[in-house]
Amino acid sequence: MKGKLIIFSAPSGSGKTTIVRHLLDLYPQLAFSISATSREPRKDERDGVDYYFLTVDDFKKKIEDDKFLEWEEVYTGQYYGTLRAEVERLRKAGKHVVFDIDVVGGVNLKQDFGSDALAIFIQSPSFEIMENRLRERGTDSEEQLLKRLEKARKELSYADQFDHVLINDRLDDTFGKAEELIRTFAHF
């Protein structure tokens with residue numbers, strides 16, 4: 001049996017990565033789809049674990065060769081995408097594939113996979129809380145942070161294109177809601 005797709009999308013600072021990691025630790029039936037990116041790795045990121053880090057030229061070549069299910073130039077010169085072979089490998093192994101993905105990418109995957117995909121939009125209780133979370137992270141320059149915030153304002157308008165919206169106010173409550181959605185969708 002081919003696995004299903006479970007898509008988590010959100011503006012930066014909404015907590016989606018924390019939620020995805022929790023679910024992957026909890027359910028062995030899930031496997032993480034490692035995205036590809038042309039951006040430089042952060043200090044704690046590893047190639048083939050957090051992302052597949054590609055040069056811009058390598059990324060563009062994979063676009064030309066139709067190696068991506070979806071891709072987007074998220075910021076100028078920074079590409080992100082989902083490798084077709086990565087998802088096929090996990091699904092053929094019977095795993096339900098979990099995505100921690102950009103909002104536009106999440107919408108595109110949901111449109112392509114329809115009822116085989118569950119699309120969940122994670123949202124902070126307020127824009128101010130999201131901004132504070134990003135600042136506390138300390139991973140971006142002020143210029144990068146302002147770009148993320150500008151992008152986040154646009155991404156919030158996509159929420160209604162997802163199957164469910166979870167407001168990440170209290171993390172334990174959000175974990176519980178995400179767990180229930182996944183158990184219902186994947187039947188475990």
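Shown above is the structure to which this text applies.
Asks: Help me understand the environment of arginine 133, please; the structure alone is not making it clear to me.
Replies: Mapped onto the elements, arginine 133 comes out in helix α5 (residues 127–137). Arginine 133 gets classed as partly exposed once you look at its relative accessible area, which sits at 23%. For the pair formed by arginine 133 and valine 165, sequence separation is 32 residues and the distance between their alpha carbons is 19 Å. If sequence neighbours within four positions are ignored, arginine 133 has contacts with Gly13, Ser14, Gly15, Ser124, Pro125 and Asn168.

Asks: Can you walk me through the sheet that holds strand β1 (residues 5–9) in this structure?
Replies: The strands making up a sheet associate through backbone hydrogen bonding, with each pair oriented either parallel or antiparallel. Ordered in space as β2-β7-β1-β8-β9, the five strands form an open sheet in which the pairing is parallel. Each edge of the sheet is formed by a strand with only one pairing partner; in this case those strands are β2 (30–32) and β9 (164–167). Averaged over all neighbouring strand pairs, the angle between strand axes comes to 25 degrees, with direction disregarded. Pairing geometry for strand β8 (residues 117–123) and β9, over four bridges, is parallel. From the neighbouring strand, isoleucine 122 faces β9, where its bridge partner is leucine 166. Packing of helix α4 (residues 103–113) onto the sheet brings it into contact with β1, β7 (96–101) and β8, and relative to β1 it is tilted by some 155 degrees.

Asks: When you look at the sheet that holds strand β6 (residues 78–83) in this model, what are you seeing that I'm missing?
Replies: Strand order in the open sheet made by the four strands is β4-β3-β6-β5, with mixed pairing throughout. Of all the strands in the sheet, just β4 (52–53) and β5 (68–75) have a single pairing partner and so form its edges. Pairing analysis gives two bridges linking strand β3 (residues 36–37) to β4, with the strands arranged parallel. Looking across to β4, one finds that threonine 37 is bridged to phenylalanine 53. The sheet strands contacting helix α3 (residues 84–92) are β4, β5 and β6, and the helix crosses β6 at an angle near 30 degrees.

Asks: What is the right way to read α3 from this model?
Replies: Structural remark: α-helix, 3.6 residues per turn; residues separated by three or four positions point the same way. Those residues of α3 that fall on the buried side of the exposure criterion are Glu86, Val87, Leu90 and Arg91. The buried residues of α3 occupy an angular sector of 120 degrees when projected down its axis, which confines them to one face. Away from its buried face, by an angle of more than 90 degrees, α3 presents the exposed residues Ala85 and Lys92. One or two residues past the end of α3 sits glycine 94, with phi positive at roughly 85 degrees.

Asks: How do you make sense of the pairing of β8 when you look at a structure like this?
Replies: For a regular strand, side-chain orientation follows a simple rule: the groups alternate between the two sheet faces. Most of β8 is tucked away: six of the seven residues are buried. Judged from the five bridges that link them, β1 and β8 form a sheet pairing that is parallel. What sits directly across from isoleucine 6, in β8, is leucine 118.

Conventions we followed
- Residues numbered from 1 in each chain as written.
- Predicted model: local features only at pLDDT ≥ 70, side-chain atom pairs only at ≥ 80, totals over all residues.
- Heavy atoms only, no water.
- Helix = DSSP H or I, 4+ residues; strand = E, 2+ residues; numbered from the N terminus.
- Buried < 20%, exposed > 50% of the residue type's maximum accessible area, 1.4 Å probe, protein only.
- Contact = heavy atoms within 4.5 Å.
- Pairing = 2+ DSSP bridges.
- Axes fitted to C-alpha atoms, helices over the stretch in contact; angles between N-to-C directions.
- Arc of directions from axis to C-beta.

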